[in-house]
Amino acid sequence: DTSSDAPTINEGEDKLPTFSLPVSGEIMIDYSDSVPVFSQTMNDYRTHLGVDVSAEIGTPVLAVADGTVTNVWADPFMGTCVSIEHSGNAVSFYKNLDDEVASGIVIGSSVKSGDVIGAVGETAMNEIAQEPHLHYELKVDGKHVDPKMHFKFPAPSKPENDKTDSSNSDTSSN
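Criteria and thresholds
Residues numbered from 1 in each chain as written. Predicted model: local features only at pLDDT ≥ 70, side-chain atom pairs only at ≥ 80, totals over all residues. Heavy atoms only, no water. Core = buried A, V, L, I, M, F, W, Y, C linked by side-chain atoms within 4.5 Å. Buried < 20%, exposed > 50% of the residue type's maximum accessible area, 1.4 Å probe, protein only. Helix = DSSP H or I, 4+ residues; strand = E, 2+ residues; numbered from the N terminus. Contact = heavy atoms within 4.5 Å. Salt bridge = Lys/Arg side-chain N within 4 Å of Asp/Glu carboxyl O.

(A) The arrangement of the nonpolar core in detail. Among the nonpolar cores identified, the biggest contains 29 residues, and Tyr94 and Ile117 are the most heavily contacted of them. Listing elements by their share of this core, those giving two or more residues are strand 4 (51-54), strand 7 (79-86), strand 8 (90-97) and strand 11 (133-140). Top contributing element to this core by residue count: strand 11, with four residues. Among residues more than four places away in sequence, those in contact with Ile117 are Val61, Leu62, Ala63, Val82, Ile84, Tyr94, Val101, Ala102, Ile105 and Val111.

(B) Molecular detail of the pattern of salt bridges. Across all of its chains, the model carries five salt bridges by this definition. For Lys95, the salt bridge is made with Glu137, and the minimal N-O distance between the two is 3.3 Å. Residue Lys95 is found in strand 8, and its partner Glu137 is found in strand 11; the two are separated by 42 residues along the sequence. Accessibility assignment for this pair places Lys95 and Glu137 in one class, buried. With its nearest N and O atoms 2.8 Å apart, the salt bridge here joins Asp146 to Lys148. Judged by its relative accessible area of 16%, Asp146 is buried. Using a relative accessible area of 34% as the deciding quantity, one classes Lys148 as partly exposed. A cluster of three or more residues bridged by salt bridges with shared partners is formed by Asp30, Asp146 and Lys148.

Pasting the structure below:
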């Protein structure tokens, strides 16, 4: 379908699919395209164009929306990677996957939201000092965007600072 009668918004926001989480874990390292963050592995500061989501090695990684696999590759720094093109000119990137992606995940294959595309691995040499995780990136209209603008990731757990469970400890009632 090439008809395009609706007015276009330059970021394509109105056409983006509803995204689901690729794995259900907490964000370990946040998206930061302008302020460098410290890399444990590289022992330096650098921008981070995705989010690192905690997950055990072998955890299934799911397609975030319906789309078409545009690439499957082994990156010398980010390990085994898969990219999927979605509606709204969005492309999702899954990095630090296990060496073997899921059966049928090849360039040109169609995926549905929630399809298993691979598993969390430890193939990203740039992030090997971190706990096991999925490195996830999202581009819209060819530009990296903060995945948190399109996903609701679980809130970080802070057991040592657990004020939500204490009874009546809030003295600032308004």
